[in-house]
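A look at the structure
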Amino acid sequence: MLAERQRFRLSWWRAQRRNMVAGGISIHAVDVASGRPAQGLRVEIWRIDPDSSRIADGRLGANGVLDHPVAQGAGVTAGEYEVLFHLGEFFSDSGGFLTVTPFRFRIKEVDEHFHLPLKFTRWGYSLFRGA
């Protein structure tokens, strides 16, 4: 008989003390055509249900990561969210195909971390919940 494994979750405060991430929404984006992190890509994170409010707006750093308190859980509550990736602005040097790429998801457990890696080109993208 297999024993059921209990899920171990740390509170945000305890995770910070241990230098671990619990809760929050992190973004990492790579332009796979160039093989480089998407430095400068503008990203917005909106909570759209139960209320509508923008909880993050910023540009990705040299490592392709959004450096914002939302990654550590600031402003994140249970509800439905939408992340907007402004790919049209990113490819402003010539006419592109994609303009703004949305990604909607639901958070039920605010102690869980939601990592959203984006892999994209001018013509398409792949986005999922990562580890």
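Data block above holds the structure.
First things first, this report covers the structure right here in the doc. (Residues numbered from 1 in each chain as written. Predicted model: local features only at pLDDT ≥ 70, side-chain atom pairs only at ≥ 80, totals over all residues. Heavy atoms only, no water.)

**Some thoughts on the overall build of the protein chain**
Scanning the protein chain from terminus to terminus reveals 2 helices and 8 strands. Helices (α) and strands (β) of the protein chain occur, in sequence order from the N terminus, as α-β-β-β-β-β-α-β-β-β. Taken over 131 residues, the protein chain has a buried fraction of 37%. Taking all contacts inside the protein chain whose residues are at least 6 apart in sequence as the whole, residues at least 24 apart take part in 59%. (Helix = DSSP H or I, 4+ residues; strand = E, 2+ residues; numbered from the N terminus. Buried < 20%, exposed > 50% of the residue type's maximum accessible area, 1.4 Å probe, protein only. Contact = heavy atoms within 4.5 Å.)

**Some points on the sheet that holds strand β4 (residues 53–59)**
Hydrogen bonds between backbone atoms are what pair the strands of a sheet, whose relative direction is either parallel or antiparallel. Taking strand neighbours across the sheet as the criterion, the 4 strands line up as β4-β3-β5-β6 in an open arrangement whose pairing is antiparallel. Since the sheet does not close on itself, it has two edges, and those belong to β4 and β6 (101–107), each with one partner. Adjacent strand axes in the sheet meet at a mean angle of 20° when their direction is disregarded. Strand direction decides the pairing type here: strand β5 (residues 79–85) and β6, joined by 7 bridges, are antiparallel. Bridge pairing in β6 places F85 opposite T101. (Pairing = 2+ DSSP bridges. Axes fitted to C-alpha atoms, helices over the stretch in contact; angles between N-to-C directions.)

**Here's the deal with the pairing of strand β3 (residues 42–49)**
As judged from the 6 bridges shared by β3 and β4, these two strands associate in the antiparallel manner. Among the inter-strand pairings, W46 is bridged to a residue of β4, identified as R54. Connecting β3 to the antiparallel partner β4 that follows it, the hairpin turn spans 3 residues. Here β3 pairs with β5 via 6 bridges, running antiparallel. Residue R47 lies in a different strand from β5, and its bridge partner there is Y81.

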